[in-house]
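Descriptive structure summary
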Amino acid sequence: MQLLRRNNLNKCLFMVITAVLFFLTACSHNEKYSSFYSFPQSVWYKDTIARFEVHISDTLSYHDVFIDIRNTNDYPYKNLWLFVSFETPSGQFRKDTLECLMADDFGKWYGKGISLYELSVPYEQKIRFPHSGVYTYSIQQGMRNDLLEGINDVGIRLMSNEN
């Protein structure tokens, strides 16, 4: 009887591990690049620029670009303004201003988490990179504060868009 319980427990454990591994690989197979810039003591100074160098070799596929933000409960606002710069390998440059809604009117965070929330904000959808090489994304906070408390990390994530 005890051997039968152990075999059932082993089968159950095997199925759970297999399901978790399948879920993890299924969720990340479209991810082509992901990186975060961390702010010491969760403080983002106005002059601090997070830079991400993305090496692109695939010029045929479409991609979605997301800006990922991790904040704590110390973040005092319901939105976050960002200045996002984009530079191509040939030196072409573009700068965008992006408003990220972080919380609803009642203060409930949109991101997932408990004390550290992660929010994924679409930046560009279904784009193709025309040339292979290094593309640089730079992100600077655009709030009125010289130091912005409660932002732990900011990141860039590229996903392949096969649709």
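Residues numbered from 1 in each chain as written. Predicted model: local features only at pLDDT ≥ 70, side-chain atom pairs only at ≥ 80, totals over all residues. Heavy atoms only, no water.

1. Details of the layout of surface pockets
Reported here for the largest pocket is a volume of approximately 150 Å³. Surrounding the largest pocket, Asp68, Lys112, Glu118, Ser120 and Arg157 form its lining. By residue class, the composition of the lining of the largest pocket is no nonpolar, one polar and four charged. (1 Å grid on protein atoms, 1.4 Å probe; cavity = no way out; pocket = protein on both sides within 12 Å on 5 of 7 lines; lining within 4 Å. Points joined across faces, edges and corners; volume = space filled by probe spheres on them. Nonpolar A, V, L, I, M, F, W, Y, C, P; charged D, E, K, R; others polar.)

2. What about the pairing of strand β5 (residues 79-87)?
With nine bridges joining them, β5 and strand β6 (residues 93-101) adopt antiparallel strand pairing. Residue pairing in the sheet places Val84 in a bridge with Asp96 of β6. Here β5 folds back onto β6, and the loop between the two strands holds five residues, one of which, Gly91, carries a positive phi near 95°. Two strands pair when backbone bridges link them, and β5 and strand β9 (residues 133-141) are joined in this way by six bridges, in the antiparallel orientation. Each residue of the ladder has a partner; that of Glu87, found in β9, is Thr136. (Pairing = 2+ DSSP bridges. Helix = DSSP H or I, 4+ residues; strand = E, 2+ residues; numbered from the N terminus.)

3. Concerning the sheet that holds β6
Taken together, four strands build an open sheet; the order of strands is β3-β9-β5-β6 and the sheet is antiparallel. Sheet topology places β3 (49-56) and β6 at the edges, where each strand pairs with a single neighbour. Neighbour-to-neighbour, the strand axes of this sheet turn through a mean angle of 20°, independent of strand direction. Sheet topology note: the β3/β9 ladder contains eight bridges and is antiparallel. Looking at the pairing, Ile49 lines up with Gln140 of β9. (Axes fitted to C-alpha atoms, helices over the stretch in contact; angles between N-to-C directions.)

4. Section: the nonpolar core
Among the nonpolar cores identified, the biggest contains 35 residues, and Ile67, Ile69, Leu80 and Tyr137 are the most heavily contacted of them. Breaking this core down by element, the ones donating at least two residues are β3, β4 (62-72), β5, β6, β8 (116-127), β9 and β11 (151-161). The element that contributes the greatest number of residues to this core is β8, accounting for five residues. Look past the residues within four positions of Ile69 in its chain and what remains in contact with it is Leu80, Leu82, Cys100, Met102, Tyr117, Glu118, Leu119, Val121, Ile151, Asp153 and Val154. (Core = buried A, V, L, I, M, F, W, Y, C linked by side-chain atoms within 4.5 Å. Buried < 20%, exposed > 50% of the residue type's maximum accessible area, 1.4 Å probe, protein only. Contact = heavy atoms within 4.5 Å.)

5. Considerations on the environment of Ala103
By the element assignment, Ala103 lies in the loop between β6 and β7 (112-113). With 23 residues separating them along the chain, Ala103 and Leu80 place their C-alpha atoms 9.9 Å apart. If near-sequence neighbours (up to four positions away) are discounted, Ala103 is found in contact with Lys78, Lys108, Trp109 and Tyr110.

6. Observations regarding the pattern of salt bridges
Within this structure, the stated rule accounts for six salt bridges. In this structure, the salt-bridge partner of Lys78 is Asp105, at a minimum N-O distance of 2.4 Å. One end of the pair, Lys78, is in the loop between β4 and β5; the other, Asp105, is in the loop between β6 and β7, and 27 residues separate them in sequence. In this structure Asp105 comes out as exposed when scored by relative accessible area, which is 63%. In this structure, Glu124 and Arg94 form a salt bridge, with 2.6 Å as the shortest nitrogen-oxygen distance. Remark: Arg94 occurs in strand β6 and Glu124 occurs in strand β8; sequence separation between them is 30 residues. (Salt bridge = Lys/Arg side-chain N within 4 Å of Asp/Glu carboxyl O.)

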